[in-house]
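The primary structure of each chain is shown beneath.
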Amino acid sequence: MARRTFRADTEIGAPAADVWAALLELDRYGEWNPFTVSMRSSLAVGSPIDMRVRMSRWRLTLSQREIVREVRPPGADRAGRLVWGATMPCIVAERVQTVTPLGPRRAHYLTEDTIEGPLAGLSFALFGSSLEDGFGGVARALKRHVESRGDKVARP
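Computed from a predicted model, the values in this text were never measured in an experiment.

About the cut-offs
- Residues numbered from 1 in each chain as written.
- Predicted model: local features only at pLDDT ≥ 70, side-chain atom pairs only at ≥ 80, totals over all residues.
- Heavy atoms only, no water.
- Phe/Tyr/Trp six-rings, centres within 6.5 Å; stacked < 30°, edge-to-face > 60°.
- Helix = DSSP H or I, 4+ residues; strand = E, 2+ residues; numbered from the N terminus.
- Buried < 20%, exposed > 50% of the residue type's maximum accessible area, 1.4 Å probe, protein only.
- Expected span 1.5 Å × (residues − 1).
- Bend = angle between axes of the 7 residues up to and from the residue.
- Salt bridge = Lys/Arg side-chain N within 4 Å of Asp/Glu carboxyl O.
- Axes fitted to C-alpha atoms, helices over the stretch in contact; angles between N-to-C directions.
- Left-handed = near helix turned anticlockwise from the far one by under 90°.
- Contact = heavy atoms within 4.5 Å.
- Nonpolar A, V, L, I, M, F, W, Y, C, P; charged D, E, K, R; others polar.
- Core = buried A, V, L, I, M, F, W, Y, C linked by side-chain atoms within 4.5 Å.

Let's talk about the packing of aromatic side chains
Counted according to the given criterion, the structure contains three aromatic pairs. Ring plane angle 65 degrees and centroid distance 6.0 Å describe the contact between F6 and F124, whose orientation is recorded as edge-to-face. You can see F6 sitting in strand β1 (residues 2-12) and its partner F124 sitting in helix α3 (residues 120-149), a full 118 residues away along the chain. Relative accessible area serves as the criterion here: at 3%, F6 is assigned to the buried category. You can call F124 buried: its relative accessible area is 14%.

Shown next as structure tokens:
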């Protein structure tokens, strides 16, 4: 069975709470996120998350519905985790975003998407390069977005 994890990370010059707040502002994703251009969800565990994802290789935007699995904000001494995923007959996918405090004005952001299943190899062949580009783009864009906002982030 095929399995692959797409991964990107960056250090952000802002408090972990600011990075976390930006991740939760789903209605603003289209302003900064080159990969996931729209998001809708209550972010309650077990609820759907509807997104539109831009596949750069094919120059198309796909609609996806996944399920929120975990929402745990960062604390002074622990990483925050935002997790959603989908289970289909031939593919299982899980997206994990982690925000780790590195001090009062620094945080580490990690995004990982693991895809596995009997048809995962076909998914990699069709969308692998778009996923690699997409997740790298998210990490870079989140860094720019949060650092440019400074203390203007609206915290939940």
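Concerning α3
Over its 30 residues, α3 runs only 38 Å from end to end, short of the ideal 44 Å by more than 12%, given 1.5 Å per residue. By the largest-angle criterion, F127 marks the main kink of α3, which is about 70 degrees. Phi for G150, located one or two positions after α3, is positive at around 55 degrees.

Topic: the pattern of salt bridges
According to the stated counting rule, one finds 13 salt bridges in the structure shown. Two residues, D50 and R65, come together in a salt bridge whose shortest N-O distance is 2.7 Å. Taken together, the residues D50 in strand β3 (residues 48-55) and R65 in strand β4 (residues 60-72) connect sequence positions 15 residues apart. Residue classification places D50 among the buried positions, given a relative accessible area of 18%. Given the relative accessible area of 53%, R65 is considered exposed. With a shortest N-O distance of 3.0 Å, R69 and E94 are connected by a salt bridge. Here the residue R69 occupies a position in strand β4, and E94 occupies one in strand β6 (residues 92-103), the gap between them amounting to 25 residues. By relative accessible area, R69 is classed as partly exposed at 32%. Judged by relative accessible area, E94 falls into the partly exposed class, the value being 30%.

Thoughts on unusual backbone geometry
Not every positive phi belongs to a glycine, and L43 is a case in point at roughly 65 degrees. Relative to the helices and strands, L43 resides in the loop between β2 (36-40) and β3.

A closer look at the packing of helix α1 (residues 16-24) against α3
Interaxial distance between α1 and α3 falls to 10 Å at its minimum, and their mutual angle equals 115 degrees. Crossing of α1 over α3 shows right-handed handedness. For the pair α1 and α3, the contacting residues are D18, V19, A22 and L23 in the first and L142, H145, V146 and R149 in the second. Counted by class, the contact of α1 with α3 contains five nonpolar, one polar and two charged residues.

Points about the nonpolar core
Counting residues in hydrophobic clusters, the biggest one holds 37 residues, and the most contacted among them are V99, Y109, I115 and L142. Counting residues per element, the ones that place at least two in this core are β1, α1, α2 (29-32), β3, β5 (80-87), β6, β7 (106-117) and α3. Looking at this core element by element, the count peaks at nine residues for α3.

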